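A closer look at the structure
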Amino acid sequence: MIALYWLRSLIRVAPGRTLATAAGIALAVAFAATLAIFVISASHTMTARAISNVPVDWQIELAPGVDRTPVETALDQAGVAKSVRSVEYAKVDGFSATTGDTQQVTGPGQAIGIAPDYLTAFPNQVTLLSGSPDGPVLYSQTAANLHAGVGDEITVNRPGLASAAVRVAGVAAIPNIDSLFQAVGAPPGLAPQSPPDNILILPETTWRSLFDPQRTAKPETIRTQLHVLLDRARLPADPVSAFQAARQMANNVEARIAGSAALANNLAARLDGVRDDALYAKVLFLFLGAPGVVLAALVTVAIAGAGRPRRMREQALLRIRGATLIETLMNPAVEAAVIGLTGAAAGLLITFIALRLIGVNVAAPTALGWGLFAAAAGLAFAIGTIVVPAARDARVLTVAQTRGLAEMTTRPLWERLWLDIALLAVAGLVFWSVQGAGYQIVLANEGVAQTSVNYASFLAPLALWAGLGLLWVRLSRRALIAARTVGNPVVVLTAGDLAPTVAASLSRQASRIARGAGLLALAVGFALSTAVFNVTYSGQARVDAELSNGADVNVTGATASPAGAELEKILATPGVLAAVPMMHRYAYVGADLQDVYGIDPGAIGRATTMADAYFANDDAGATLAKLAATPDGALVSEETVSDFQLHPGDALNLRLQSTVDHQYHVVPFRFVGVVREFPTAPKDSFLVANAAYVAKETGSAAHEVVLVRASNPAATAHALKSVLASDPALKVTELGEVRSLISSSLTAVSLSALTKVELVFGLILIGAAAGLVVGLGFAERHRTFAILTALGASASQLGAFLRSEAALVAIAGLTFGTATGLAIAWMLVALLAGVFDPPPEAMTIPFDYLAIVMIGVAVVAATVVIGFQRAHARADPAALKPE
Amino acid sequence: MTQPIVKAEGLARQFGTGDRKVVALEPATFSIRRGERVALLGPSGSGKSTLLNLIAGLDEGASGTISWPGIGPRQTLRPLAVGMIHQFAALIPTLSVAENVALPLRLGHRAADDEAVGDALAALDLADLADRLPDELSGGQAQRVGIARALVHCPALLLADEPTGQLDRRTSQATLSVILDYVRRHAMTFVMATHDPAVAERVETLWRMEHGRLIARQGSGAA
């Protein structure tokens, strides 16, 4: 019963603090739950996106001479397959075609035979560019090599048999050519096999009529695969679990078909690539989200702690009137339960609204589970924040003993032990050791089921957070104490001739004010570090998309109908800021066909980013200048340099196709630099050369691609599509489309929604730290201000006390907070380099957000000061009585 | 006749409304002359503190008028013209004894008058406690600091609400002597609320209060 009286009195006497404590818990619960559910949702999105791009889940290659029926029966028994189709592969010596006066002959290739409904079952396997799929379909690269198109007749040179002629019905791209022609059953770790450059896709019946004789004559040139689409609904939503499930399903089937066939698990391979992204998402949650949750908890502790002296006095009064320890603890327990439940319920409501606003869609039981977990943690935290200190204070028996306990006059233990400096040293050491070791924070080795996260690396930012927070408290406290004797410019400025009195008063509250300043610094640091990281991340996501698309807008044609021919039209299109043509050809490096990009090194930077990180020497300017100065120079991808053991200055003989005779001829180049990434280039092997030299050596100055810088990529792309509509061979793509298609990288997961939540949460935290901590400090000294008013302090003089304290907290909080935010962001960007692709060259500082933070702190502090000044404008004799 | 320093006509004060209305001061008409020393005697809850707060300008009446013809308008009363000794010391916990005592001077832009602080502390036997914080004082010491703070700027009108309520009888008498000595030396007008007839006897004019009513006035100051 007494607990209910306590509660009623609490709500009557301190409604603001009670509500603020509940609000703090609500904030912590909401932020933790929203982040957790967002991360789960993001990992589910990753899984869905990753598997949506897998055209064939499994490729099961039958052992030579094995009948497919028992393998299909085994698949049926496993009960995991949704569709199964057979695909026949035949090696051929090459293809040839005659166009006009010339005859083109290709090197060796493959002819595959597919069932009539294969493309219905696996629609992403082949992209028809022209003609019809109901007949022989020629791979686009082969069509280019043969100069053949729909309706042309080509000859298939079968090994050991006479050549056979077929008429081309269609030309197609094979987006997943690597997996379609992979070596099934190859031992792990073996370098991937290059796909053939020459491919003919035939209807199964045609294939049989052409290659059944070859199966008899040269059986080693023929193989059969079963392409399987799995029942994907059985896969867990989380990429790590989905990867394991995909492996386990395959293991089960492999055990059934052992000796008869080998299985290539494309689904698991794709999920394998997403696993580390999912782990990075979780790491991001911990690095970026956890400090916010801890900070919300600290603000809550500060708010709840503001009522501690009053609670102590009331408890002591109860005890000297005979209440037992349990009875005195019942009151704070009920207070904690009510505050905790209110906060947790409000937190869940905020979570629900936030998730709806940012459009997160996650399975209800998962969301509910995380929400309830966060709510339970919030309730436990409320009990810990209110009941535990109350139990500790219960030893205080008299009201008199409670006096003087509110303000620590001695240096706290951590300060005497130099814990702040020790923590900063730990942060530095851990950071240096993990950075120096060239470690990876997330390890999800390809093909290995186990994943690991280097949790020790968390120690660096954790120690930096804690060390800086304590250091700011130490410095603020020291400065306040020193201000009593040496003066403080802020106090002199805000308090005028009352400065000595105000400085003396503030110096005796140094610990409390320093804690407030430290808390505000951490809140500002959290908001700023999150903003810096997110802006840097978004910038890199844009760079990633720009790398894939080539530029804001990309116009791609072919050598026969190059986009460069339309350069004038493109430049005249509204929204185009710059347009630079680029060649895209192919060249043989040894037996390996690679992409070659012909550029004007001095001009390409006008249309697209030439980041230092793209080049091995981390100097884009120097590398491009060197290329420009070496007409026959070539920049070679890191993989090619490694595969061919090249050294700078080496001569490099490539084979490029001449437009005169359509044959590949040797062209000498000089290796002048190493390129890691390049706009539109694949991740592995490619070359960059001077366009003028390529034009001279191939007889064609055609620029297949035009890279466009645009003020509004989507609108400009739309305009360009209209302008270039007359040439259907030209394809216009813009950044936004490409961004949504990149599925192998974490940057594909839009963090913009999460960013908004974090930035808004950061501002609320700053408001809470600046407003509630300062405001509650003022509220607890209500009697002091009443005394000052009673003594005749004018509004301005009363304001001197309020202004000085608020200004000190705000200035220290903002200064130290900015330093904290930048230091933490710098460490996070360095530690989470694996998240970025390519890595950022520098942090991006969001000055607009920083300005909002500064203005926000100033406005909140000014509002609190003005509010208290008004509240104490009139003398209140009743407030002079001791509390 | 000496000009009144405070003049009230039908001054009344009540708290709350309706069923919860409490009349703290029935309409009262009085005047206090410059240099007059008045004791307000009455039991607890008789309205003494309410009347003192009204005279100090800390509170406003619900009806009637009050003016300070010998001092000036309400907004000029504090910090310098009126000094008040509160029933409870009402010290600022984050300022030392000396800083608390110096506050009226600081607020009144007379910061240079530090000698007065030393005098007030010495007079109340507080010189050794100058650097202590209020939490480090006994109740009696804190009360004496409150008195020193009310005397330090030698106000024209000194008001005291149970000034010796926290003190033992001997200290009480000695402290009251210090107050009255200050009052005489600086020709202050003095109004003191007390429930102790022995304390009230130390001044010339006695006003009695009961249930919010000013019922009897004896001595030279009776209006």
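What counts, and at which threshold
Residues numbered from 1 in each chain as written. Chains lettered and ligands numbered in written order. Predicted model: local features only at pLDDT ≥ 70, side-chain atom pairs only at ≥ 80, totals over all residues. Helix = DSSP H or I, 4+ residues; strand = E, 2+ residues; numbered from the N terminus. Buried ≥ 20, exposed ≤ 12 C-beta atoms within 10 Å, placed from the backbone. Contact = placed C-beta atoms within 7 Å. Nonpolar A, V, L, I, M, F, W, Y, C, P; charged D, E, K, R; others polar. Pairing = 2+ DSSP bridges. Domains from an automatic or database assignment. Core = buried A, V, L, I, M, F, W, Y, C linked by C-beta atoms within 7 Å. Axes fitted to C-alpha atoms, helices over the stretch in contact; angles between N-to-C directions. Parallel < 35°, antiparallel > 145°, perpendicular 65-115°, else oblique. Left-handed = near helix turned anticlockwise from the far one by under 90°.

Counting its secondary structure elements, chain A contains 29 helices and 24 strands. Here chain A holds 883 residues, and 50% of them are scored as buried. For chain A, contacts bridging at least 24 residues in sequence account for 82% of all contacts bridging at least 6.

Let's shift gears to the interface of chain A and chain B. Listed per partner, the contact involves 21 residues of chain A and 20 residues of chain B. Secondary-structure elements contributing two or more residues to the side of chain A that touches chain B are helix H18 (499-507) and helix H27 (782-791) of chain A. The residue inventory of the side of chain A that touches chain B, partitioned by class, reads 10 nonpolar, 7 polar and 4 charged.

Quick look at the pairing of strand S3 (residues 94-99) of chain A now. Within a regular strand, side chains alternate between the sheet's two faces. Residues and elements named next belong to chain A. With 3 bridges connecting them, S3 and strand S8 (residues 153-157) associate as antiparallel partners. Across the sheet, residue Gly94 finds its bridge partner in S8, namely Asn157. Hairpin connection between S3 and strand S4 (residues 102-105): a loop of 2 residues separates the two successive antiparallel strands, and Gly100 in this loop has a positive phi of roughly 65°.

So, on to the environment of Thr171 of chain B. Residues and elements named next belong to chain B. Inspection of the secondary structure assignment puts Thr171 in helix H6 (residues 169-185). For Thr171, a count of 16 C-beta atoms within 10 Å corresponds to the partly exposed category. In this structure, the C-alpha to C-alpha distance between Thr171 and Arg144, residues 27 residues apart in sequence, is 9.8 Å.

Below, the discussion takes up the domain arrangement of chain A. Many authors give the size of an interface as the accessible area that is lost as the parts come together. Residues and elements named next belong to chain A. Domain parsing of chain A yields domain 1 (82-230), domain 2 (458-548 + 745-883) and domain 3 (558-729). Each of domain 2 and domain 3 was reduced to a C-alpha centroid, and the two centroids are 50 Å apart. Domain 2 puts 6 residues into the contact, and the matching count from domain 3 is 8 residues. Looking at the side of domain 2 that touches domain 3, its residues break down into 4 nonpolar, no polar and 2 charged.

Another point: the nonpolar core. Residue and element names in this part refer to chain A. Counting 285 residues, the largest nonpolar core has Val29, Val299, Leu520, Ala523 and Leu765 as its most contacted members. The residue makeup of this core includes at least three contributed by each of domain 1 (82-230) and domain 2 (458-548 + 745-883). Residues in contact with Val299, not counting those within four places in the same chain, are Gly24, Leu519, Leu765, Ala768, Ala769 and Leu772. Formed by 56 residues, the second largest nonpolar core is a distinct cluster that contains Phe671, Ala691, Val705 and Val706.

What follows deals with the sheet that holds strand S6 (residues 127-131) of chain A. All names here are of chain A. Read from one edge to the other, the open sheet built from 9 strands follows the order S6-S10-S7-S11-S5-S2-S12-S1-S13, with strand pairing classed as mixed. Both edges of this open sheet fall to S6 and strand S13 (261-265), since each of them pairs with a single strand only. Put simply, the sheet's adjacent strands are angled 25° from each other on average, direction ignored. In this sheet, strand S11 (residues 199-203) lies alongside strand S7 (residues 137-139) in antiparallel orientation, the contact comprising 2 bridges. The residue bridging Val137 from the neighbouring strand is Ile201, located in S11. On top of the sheet, helix H8 (residues 239-257) reaches strand S1 (58-62), strand S12 (222-230) and S13; it is set at about 170° to S13, its chief contact.

All names here are of chain B. Here the residue pair Arg78 and Pro79 is connected by a cis peptide bond, since its omega of 15° sits within 30 degrees of zero. If you check the backbone angles, His109 has positive phi at about 60° while not being a glycine. When you line up the elements, His109 lands in the loop between helix H3 (97-107) and helix H4 (114-123). Classification of His109 by C-beta neighbours within 10 Å gives partly exposed; the count is 13. Notably, His211 is not glycine yet its phi reads approximately 50°, a positive angle. You can see His211 is positioned in the loop between strand S8 (205-210) and strand S9 (213-218). The class of His211 is partly exposed, set by 13 C-beta atoms lying within 10 Å.

Here we take up the packing of H18 of chain A against helix H28 (residues 795-831) of chain A. Each packed pair of helices is defined by two parameters, the angle between the axes and the distance between the axes. Residue and element names in this part refer to chain A. In the contact formed by H18 and H28, the axes pass within 10 Å of each other and the chain directions differ by 55°. Comparing the axis directions of H18 and H28 gives the class oblique. Handedness of the H18/H28 crossing: right-handed. The residues of H28 that touch H18, namely those facing Val502, Ser505 and Leu506, are Ala800, Phe801, Ser804, Glu805 and Leu808. Taken together, the residues of the contact of H18 with H28 break down into 5 nonpolar, 2 polar and 1 charged.

Here we come to the sheet that holds strand S4 (residues 63-67) of chain B. Residue and element names in this part refer to chain B. Taken in spatial order, the 3 strands line up as S2-S1-S4 in an open sheet, and their pairing is antiparallel. What marks the edges here is a single partner per strand, and that holds for strand S2 (22-33) and S4. Between one strand axis and the next, the sheet turns by 15° as a mean value, whatever way the strands run. The sheet contact formed by strand S1 (residues 4-15) and S4 spans 4 bridges and is antiparallel. Among the inter-strand pairings, Ala12 is bridged to a residue of S4, identified as Ser63. Along the sheet face, helix H1 (residues 48-56) touches S1, S2 and S4 and points at about 130° away from the line of S1.

All names here are of chain A. Along the polypeptide, Leu593 turns up in strand S18 (residues 592-599). Residue class for Leu593 comes out buried when judged on the 20 C-beta atoms lying within 10 Å of it. Linking Leu593 and Val667, residues 74 residues apart in sequence, is a C-alpha distance of 14 Å. Among all residues touching Leu593, those that are not within four sequence positions of it are Asp197, Tyr586 and Tyr588.

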